[in-house]
Number of protein chains: 2
Amino acid sequence: MSKVLIFGHKNPDTDSICSAIAYAALKKELGVDVEPVRLGELNGETEYALKQFNAELPRLISKAAPEAAHVILVDHNERQQSVDDINEVRVLEVIDHHRIANFETSDPLYYRAEPVGCTATILNKMYKENGVAVQKDIAGLMLSAIISDSLLFKSPTCTEEDVKAAQELASIAGVDAEEYGLAMLKAGADLRSKSTEELATLDSKVFAMGDFQVEVAQVNAIDVLDVLARKEEIEKVLENKIAEKNLDLFLFVITDILNSNSVAIVAGKEAAVVEKAYNAPISDDRTIVLEGVVSRKKQIIPVLTDIFQGMTK
Amino acid sequence: MSKVLIFGHKNPDTDSICSAIAYAALKKELGVDVEPVRLGELNGETEYALKQFNAELPRLISKAAPEAAHVILVDHNERQQSVDDINEVRVLEVIDHHRIANFETSDPLYYRAEPVGCTATILNKMYKENGVAVQKDIAGLMLSAIISDSLLFKSPTCTEEDVKAAQELASIAGVDAEEYGLAMLKAGADLRSKSTEELATLDSKVFAMGDFQVEVAQVNAIDVLDVLARKEEIEKVLENKIAEKNLDLFLFVITDILNSNSVAIVAGKEAAVVEKAYNAPISDDRTIVLEGVVSRKKQIIPVLTDIFQGMTK
């Protein structure tokens with residue numbers, strides 16, 4: 001078998017990048033010819049993690065089929081979040097911690113999803129199952145992924161397994177999880193150098209919900225007002241994305257990582273669904289306060305999906 | 001959490017029944033309140049296995065939601081193969097060894113699929129991962145599932161992992177795998193007592209392939225001609241199923257378990273797809289010889305799916 005590409009989702013976050021690198025390292029130990037690659041630019045947080053743990057930047061690809069017949073997906077499964085030509089390659093494996101949707105294969109495969117906070121937590125288990133020790137720098141990358149996905153263990157997606165894995169990995173990596181984690185999150189929340197276009201695509205995913213297409217972007221911030229100061233520009237970007245991808249709704253979520261709250265900018269013709277979902281009004285300036293919401297996966301996608309699945313287009 | 005139901009697919013085979021029982025036994029050891037149930041009548045082979053290993057017959061259900069909010073699927077994931085009201089319950093886990101299709105959740109879940117020959121092989125690994133010893137009779141049931149799905153290790157779906165798991169389980173169960181296995185398969189291949197309607201539904205599954213609905217039934221036989229003697233009656237049953245479920249194709253596969261070959265009776269308006277898939281003619285009597293084909297999962301579903309996915313309705 002020729003080389004197998006391993007990658008996370010588009011607009012990659014720290015888990016998508018670090019889990020691709022960490023799983024590739026495990027697969028190589030097991031004698032499989034693999035290469036971790038990425039589907040988009042890094043955010044500041046991931047850059048910080050890669051630099052801290054001496055990782056090589058995975059190569060950027062836009063298509064998989066021209067160079068590989070087989071791929072492994074980490075940290076995602078929905079086709080619209082994957083490489084554009086996903087239908088032209090065979091998916092050998094999926095290691096993920098999200099819901100399953102819009103995913104279909106003609107052959108059996110290895111699919112490992114667990115309802116934990118981070119792909120790297122599952123990988124930590126798979127290292128053990130395969131009797132392979134996690135290398136120091138790889139442990140640091142996996143720790144970074146868990147801290148990122150769990151917002152330093154504060155997100156409702158964070159499970160005991162995530163905390164336990166992070167403790168093990170911090171010890172192997174030789175860092176203090178809390179101290180390193182806060183520094184990494186702050187590096188990611190420094191949005192000043194980002195253009196508005198970058199802000200709206202940094203960590204943004206399209207979800208199929210019943211008959212509707214919904215995009216949800218999320219940025220972590222230390223100061224939410226800093227981001228809201230650019231609201232008009234952001235709205236223009238959202239409107240463009242809606243037209244370009246024929247979306248029914250775009251939710252741009254700004255998460256205050258110190259206070260564990262979010263504010264969202266709402267755009268698209270199905271905006272009323274967001275009011276219904278959170279039983280709260282969208283203000284005249286098209287923002288809505290999402291009290292206590294920090295997790296897109298657990299506190300946004302399921303509630304919106306439930307409503308959209310009961311609607312017809 | 002109230003009781004969780006565990007079940008395999010409709011028209012249950014030995015893996016669907018035995019894996020539900022074996023996984024329920026593991027879950028109970030781990031302190032979870034579960035009950036293995038079934039979605040249809042047993043075939044002769046499964047009856048034989050349950051009797052040999054002193055298993056209680058799982059309760060028959062036709063709906064899950066009236067009695068449970070949460071379910072665990074074994075040996076299947078496609079909705080049309082599952083309980084009728086699958087959309088009204090939450091799927092907590094899937095343990096499976098088939099392709100993934102027509103499966104969607106709004107929340108993350110535990111999904112464990114591996115490209116091995118039998119669900120019970122994955123369960124054997126999960127017993128170990130959880131540090132739980134397999135009980136003697138449960139080992140016999142898991143062995144029965146592997147023998148059934150692998151046609152006594154002769155199917156191309158059978159992997160080294162299946163063979164190794166079967167050896168371990170045979171040793172725990174205190175039986176000779178070859179000798180017990182042949183007796184079990186023969187019990188299942190004794191089709192004389194079955195009505196034609198039963199034959200056509202015993203191990204039959206509907207698959208969504210692109211825009212098309214395809215049903216594939218499979219029976220194991222010692223003497224294929226015995227079954228073909230009832231061809232006209234079988235065809236009538238197939239035509240009824242096609243009308244009732246609005247199917248595009250029905251393939252009734254008779255597998256010669258001693259010689260590892262199959263003959264199929266073909267019905268439905270897309271019959272030509274079968275000729276294309278196997279590059280062989282359907283004879284005037286609507287049968288086609290499938291040389292060396294014994295595995296629906298590996299040698300039938302993927303080839304048909306590939307062709308149907310390239311067609312529009």
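Each chain carries its own residue numbering, running from 1 in the written order of its sequence. Chain letters and ligand numbers both follow the written order, the letters beginning at A and the numbers at 1. Reporting in this predicted model follows two pLDDT cut-offs: at least 70 for local features of residues, and 80 or more for side-chain atom pairs to be given and counted; totals over whole chains, interfaces and linings ignore these cut-offs and use all residues. For the side-chain quantities, the full set of heavy atoms in the structure was used; hydrogens and water were omitted.

**Points about the sheet that holds strand β6 (residues 110-113) of chain A**
Part 1: Spatially, β3(A)-β2(A)-β1(A)-β4(A)-β5(A)-β6(A)-β6(B)-β5(B)-β4(B)-β1(B)-β2(B)-β3(B) is the arrangement adopted by the twelve strands of the open sheet, whose pairing is mixed. Every interior strand has two partners, whereas the edge strands, β3 (59-60) of chain A together with β3 (59-60) of chain B, have only one.
Part 2: Two strands are counted as paired when DSSP detects at least two bridges linking them. Runs of H or I in DSSP of at least four residues are treated as helices and runs of E of at least two as strands, each being numbered from the N terminus. Where strand β2 (residues 34-38) of chain B meets β3(B), two bridges bridge the pair, whose relative direction is parallel. Counterpart to Arg38(B) in the pairing with β3(B) is Leu60(B).
Part 3: Throughout, a residue-residue contact means that at least one pair of heavy atoms, one from each residue, lies within 4.5 Å. Simply put, an axis is a line fit to the C-alpha atoms, just over the touching stretch for a helix, and the angle between two N-to-C directions goes from 0 to 180 degrees. The strands touched by helix α1 (residues 14-29) of chain A within the sheet are β1 (4-7), β2 (34-38), β4 (70-74) and β5 (90-96) of chain A, with β2(A) carrying the most contacts at an inclination of about 175 degrees.
Part 4: Running at roughly 105 degrees to β5(A), helix α3 (residues 119-129) of chain A makes contact with β4, β5 and β6 of chain A together with β6 (110-113) of chain B of the sheet.

**Structural notes on empty space enclosed by the protein**
Residue and element names in this part refer to chain A.
Part 1: Only protein atoms enter the 1 Å grid, on which a cavity is a set of points fitting a 1.4 Å probe that cannot get out and a pocket is an open set with protein on both sides within 12 Å along at least 5 of 7 lines, lining residues being those with an atom within 4 Å of a point. Grid points are joined across faces, edges and corners, and a volume is the space filled by probe spheres set on the points. Counted according to the given criterion, the structure contains one cavity of 30 Å³ or more.
Part 2: Lining the largest cavity are 36 residues, with Asp13, Asp149, Asp203, Gln218 and Arg296 positioned closest to its centre.
Part 3: Going through the elements one at a time, α4 (136-150), α6 (177-189), β7 (204-209), β8 (212-221) and α11 (296-309) are the ones with two or more residues in the lining of the largest cavity.
Part 4: For the domain bounds, the source is a domain assignment made automatically or taken from a database. Shared between two domains, the lining of the largest cavity takes at least three residues from each, and those domains are domain 1 (4-188) and domain 2 (196-310).

**Some thoughts on the UniProt feature "binding site: Mn(2+) 1" (unreviewed entry) in chain A**
All names here are of chain A.
Part 1: UniProt positions are given in the numbering used here, feature names are shortened, and annotations may be inferred rather than shown by experiment. On the UniProt side, "binding site: Mn(2+) 1" (unreviewed entry) is annotated at positions that read His9, Asp13 and Asp75 here. A maximum C-alpha distance of 9.5 Å is found for the annotated residues, which run over 67 residues; spatially they form one tight group. As for the annotated residues, the ones lining the largest cavity are His9, Asp13 and Asp75.
Part 2: Residue position: histidine 9 is located in the loop between β1 and α1.
Part 3: Once residues lying within four places of it in the same chain are set aside, the contact partners of histidine 9 are Ser16, Leu39, Val74, Asp75, His76, Gln81 and Lys205.
Part 4: Any N or O atom pair separated by 3.5 Å or less is treated as a polar contact, with the protein-specific requirement of one donor-capable and one acceptor-capable atom, and with residues adjacent in sequence counted only for side-chain atom pairs. In this structure the side chain of histidine 9 is engaged in a polar contact, spanning 3.4 Å, whose partner is the side chain of aspartate 13.
Part 5: In this structure, aspartate 13 sits in the loop between β1 and α1.

**Some remarks on the relation of the copies chain A and chain B**
Part 1: Superposing the copies works by least squares over the C-alpha atoms of residues that have pLDDT at least 70 in both of them. Superposing chain A onto chain B takes a rotation of 180 degrees plus a shift of 0.1 Å along the axis, which leaves an RMSD of 0.0 Å. As the rotation angle and translation indicate, the two copies are arranged about a two-fold axis. Ranked by how close their C-alpha atoms come to the rotation axis, the residues of chain A are headed by Arg112(A), at 2.5 Å.
Part 2: Most of the interface of chain A is mirrored in chain B, where 100% of its interface residues are also at the interface.

**Digging into the domain arrangement of chain A**
Residue and element names in this part refer to chain A.
Part 1: By the assigned domains, chain A splits into domain 1 (4-188) and domain 2 (196-310).
Part 2: With centres defined by C-alpha atoms, the gap from domain 1 to domain 2 works out at 24 Å.
Part 3: Counting residues at the interface gives 20 residues for domain 1, matched by 21 residues for domain 2.
Part 4: Values labelled buried area give the accessible surface lost by two parts on being combined, using a 1.4 Å probe and summing over both. Both faces combined, the contact of domain 1 with domain 2 buries some 1800 Å², and carbon together with sulfur accounts for 55% of it.
Part 5: The largest per-residue losses of area from domain 1 upon contact with domain 2 belong to Asn11, Arg99 and Leu151, which jointly make up 29% of the total buried on that side.

**Remarks on the layout of surface pockets**
Part 1: Looking at the largest pocket, its volume works out to about 960 Å³.
Part 2: Along its surface, the largest pocket is lined by 38 residues, and Glu114(A), Pro115(A), Lys125(A), Glu161(A) and Tyr110(B) are the ones closest to its centre.
Part 3: Broken down by secondary-structure element, the contributors of at least two residues to the lining of the largest pocket are α3, α5 (160-173) and α11 of chain A together with α1 (14-29), β5 (90-96) and α3 (119-129) of chain B.
Part 4: Counted as a void, the second largest pocket has a volume near 780 Å³.
Part 5: If you go around the second largest pocket, you meet 31 residues; those closest to its centre are Lys27(A), Glu93(A), Tyr110(A), Pro115(B) and Glu161(B).
Part 6: Contributions of two or more residues to the lining of the second largest pocket are made by α1, β5, β6 and α3 of chain A together with α11 (296-309) of chain B.
Part 7: The leading source of residues in the lining of the second largest pocket is β5(A), at four residues.
Part 8: By the convention adopted, Pro, Cys, Tyr, Trp, Phe, Met, Ile, Leu, Val and Ala count as nonpolar, Lys, Arg, Asp and Glu as charged, and the other residues, Gly among them, as polar. When grouped by side-chain class, the residues that make up the lining of the second largest pocket number 16 nonpolar, three polar and twelve charged.

**Thoughts on the pattern of salt bridges**
Part 1: A pair is scored as a salt bridge if a Lys or Arg side-chain nitrogen falls within 4 Å of a carboxyl oxygen belonging to Asp or Glu. Tallying each qualifying case throughout the model produces 42 salt bridges over all chains.
Part 2: The residue Glu67(A) makes a salt bridge to Arg59(A) at a minimum N-O spacing of 2.8 Å.
Part 3: Summary of the burial criterion: residues with accessible area below 20% of their type's maximum are buried, those above 50% are exposed, and those between are partly exposed, where the area comes from a 1.4 Å probe applied to protein chains only. The class of Arg59(A) is partly exposed, set by a relative accessible area of 35%.
Part 4: Where Asp248(B) meets Lys313(B), a salt bridge forms, and the shortest distance between an N and an O atom there is 3.1 Å. Of this pair, Asp248(B) sits in the loop between α9 (231-245) and β9 (249-256) while Lys313(B) is found in the segment after α11, placing the two residues 65 residues apart along the sequence.
Part 5: Lys313(B) gets classed as exposed once you look at its relative accessible area, which sits at 60%.
Part 6: Each of Arg112(A), Glu114(A), Lys125(A), Glu129(A) and Glu161(A) takes part in a single network of salt bridges with overlapping partners.

**A look at the state of the cysteines**
Part 1: When the sulfur atoms of two cysteines come within 2.5 Å, that pair is taken as a disulfide. The final tally for this structure, using the stated rule, is zero disulfides over all chains.
Part 2: Of the cysteine sulfurs around Cys18(A), a residue in no disulfide, the closest is that of Cys118(A), at 8.7 Å.

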